[in-house]
Amino acid sequence: MNLNCSMKDIVECEIPIKDLLLLDDPAHQLANIPSFEGRIQRFQETIGTIFLNEKSYSSVVRNALYSIHLSRGNITMNDLAQKSGFSTRYIRKKFEQDIGISPKLFSQIVRFQCSLSMFMNDKNYSIWDIIEESGYYDQAHLINEYKKFSYYSPRQLMDTITKGKAWVM
């Protein structure tokens with residue numbers, strides 16, 4: 001399936017899942033997969049091949065994605081521009097076209113995911129260790145970003161997860 005549009009065109013659009021999958025009742029079939037990991041795998045095998053095809057990304061975007069992941073989300077647009085030799089404006093334009101969001105927002109999401117992983121996987125990290133390792137300026141910066149992406153403060157999110165009220169990988 002070829003959508004013949006950029007990711008920027010479809011970000012924040014509602015597309016019925018039945019229009020994307022060649023299944024009779026995709027919602028019912030996905031709901032019948034017993035594990036969350038199984039649903040994610042099915043998503044990656046079906047919808048992911050349409051939207052998350054790295055081969056269709058320009059080399060500028062692939063390099064930016066690599067740099068963002070390598071830095072755990074702690075890289076500036078100027079650093080990306082310097083590494084690639086392209087202007088920040090060109091990188092932003094290509095990134096939004098291929099990924100659908102700005103490199104800055106993508107970097108913030110990666111940083112949030114890395115800090116969340118630290119919270120969840122290693123109980124030996126203090127909040128200050130996570131702030132420093134993740135590149136947040138201070139505790140308020142960390143809390144604001146957590147509220148932006150999860151609607152919870154770090155403490156509320158951890159309490160919710162440990163009580164079994166949220167599904168987080």
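In every chain, residue numbers begin from 1 and rise along the written sequence. Two thresholds apply to this predicted model, a pLDDT of at least 70 for residue-level local features and 80 or more for giving and counting side-chain atom pairs, whereas whole-chain, interface and lining totals are computed over all residues. Excluded from the side-chain calculation are hydrogens and water; included are all heavy atoms of the structure.

Before going further, it helps to spend a moment on unusual backbone geometry. For residues that are not glycine, phi is negative in most cases, and the peptide bond is trans in most cases. For R72, which is not glycine, the phi torsion reads 60 degrees and is therefore positive. Its location among the elements puts R72 in the loop between α6 (59-70) and α7 (77-84). Phi is positive for Y151, close to 65 degrees, though the residue is something other than glycine. Put simply, DSSP H or I for four residues or longer makes a helix, DSSP E for two residues or longer makes a strand, and each gets a number counted from the N terminus. Within the secondary structure layout, Y151 lies in the loop between α11 (139-150) and α12 (154-162).

Let us now look at the packing of aromatic side chains. Classification of ring pairs rests on two measures: the distance between centres of Phe, Tyr or Trp rings, Trp counted by its six-membered ring, which must be within 6.5 Å, and the angle between planes, read as stacked under 30 degrees, edge-to-face over 60 and tilted in between. A full pass over the atoms with the stated rule returns 5 aromatic pairs. Residues F112 and F149 carry aromatic rings whose centres are separated by 5.5 Å and whose planes lie at 40 degrees to one another, so their mutual orientation is tilted. Of this pair, F112 sits in helix α9 (residues 103-121) while F149 is found in helix α11, placing the two residues 37 residues apart along the sequence. Members of the aromatic cluster, joined through ring pairs, are F112, F119, Y146 and F149.

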